[in-house]
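Take a look at the letters that make up each chain.
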Amino acid sequence: MSEQINSNRRGFLTRLSKPVEAAASYEEKSQRLHARPPRAVDEVLFERLCDGCGLCEQVCPNSVIEIQEGRALLNLDYNSCSMCNKCSEACPTGALHPTVAPYIDLKPNFADSCNNYMQMDCHACQTACSAGAIKIEAGELPNVALDKCNGCGECRSACYIGSVTLSLTH
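Calculation rules
Residues numbered from 1 in each chain as written. Predicted model: local features only at pLDDT ≥ 70, side-chain atom pairs only at ≥ 80, totals over all residues. Heavy atoms only, no water. Salt bridge = Lys/Arg side-chain N within 4 Å of Asp/Glu carboxyl O. Buried < 20%, exposed > 50% of the residue type's maximum accessible area, 1.4 Å probe, protein only. Patch = residues over 30% accessible without salt bridge, like charges linked within 9 Å, V, L, I, M, F, W, Y side chains within 5 Å. Areas by Shrake-Rupley, 256 points an atom, 1.4 Å probe, with all protein chains shown as cover. Helix = DSSP H or I, 4+ residues; strand = E, 2+ residues; numbered from the N terminus. Disulfide = S-S within 2.5 Å.

As annotated in an unreviewed UniProt entry, the protein chain carries the name Ferredoxin-type protein NapF and comes from Vibrio chagasii.

Encoded structure:
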């Protein structure tokens, strides 16, 4: 009789582990509606966990986190994110979690008014990029290595003529 119990237990545990394996291999993330602070969990979970308490906004040294519609969002219009992790350390709900890789779903776009594109030697965005994601060739718009870009907005802040805009990646 104990043999039968063991095989049933083994079968139960085997069946139980299969959905977990399937879920672990599922890596697609929900599409973000707004730029979120670094270390934000998946958007669907973020919307459930973030209660708009404002602690992340209070501790942000760069003042780039705002609470709108009861949720934390990132506004890089006037400054960049230093990726200091103070927001995730302050978050009591886990919406910003220290185990999530620090990443912001924003990517730079370069306008034709870029000095480098206009045949003037300018490397301000490339120099400011701490991730080393921007490469510049003479007379061309800057190229962004999307696998290196963390979306911090340093390039936007460094561009003194406003040729860099940030948009959500989709």
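Sorry, what's going on with the pattern of salt bridges here?
Once their charged atoms are close, side chains differing in charge can pair, the charge on each being opposite to the other. This model, assessed by the stated rule, comprises four salt bridges. For glutamate 43, the salt bridge is made with arginine 36, and the minimal N-O distance between the two is 2.8 Å. Side by side, glutamate 43 and arginine 36 carry an identical accessibility label, which is buried. Two residues, aspartate 77 and arginine 156, come together in a salt bridge whose shortest N-O distance is 3.9 Å.

Mind showing me how you'd approach a nonpolar patch on the surface here?
Taken together, the side chains of Tyr117, Met118 and Met120 define a hydrophobic patch exposed on the protein surface, amounting to about 290 Å² of accessible area. If you trace the backbone, tyrosine 117 turns up in the loop between strand E3 (106-110) and helix H5 (124-128).

Help me understand the state of the cysteines, please; the structure alone is not making it clear to me.
Throughout this description, disulfide means a covalent bond between two cysteine sulfur atoms. Evaluated as defined, the whole model comprises zero disulfides. Looking at the unpaired cysteine 81, the closest cysteine sulfur is the one in cysteine 60, lying at 6.4 Å. Looking at the unpaired cysteine 125, the closest cysteine sulfur is the one in cysteine 114, lying at 6.1 Å. The class of cysteine 125 is buried, set by a relative accessible area of 9%.

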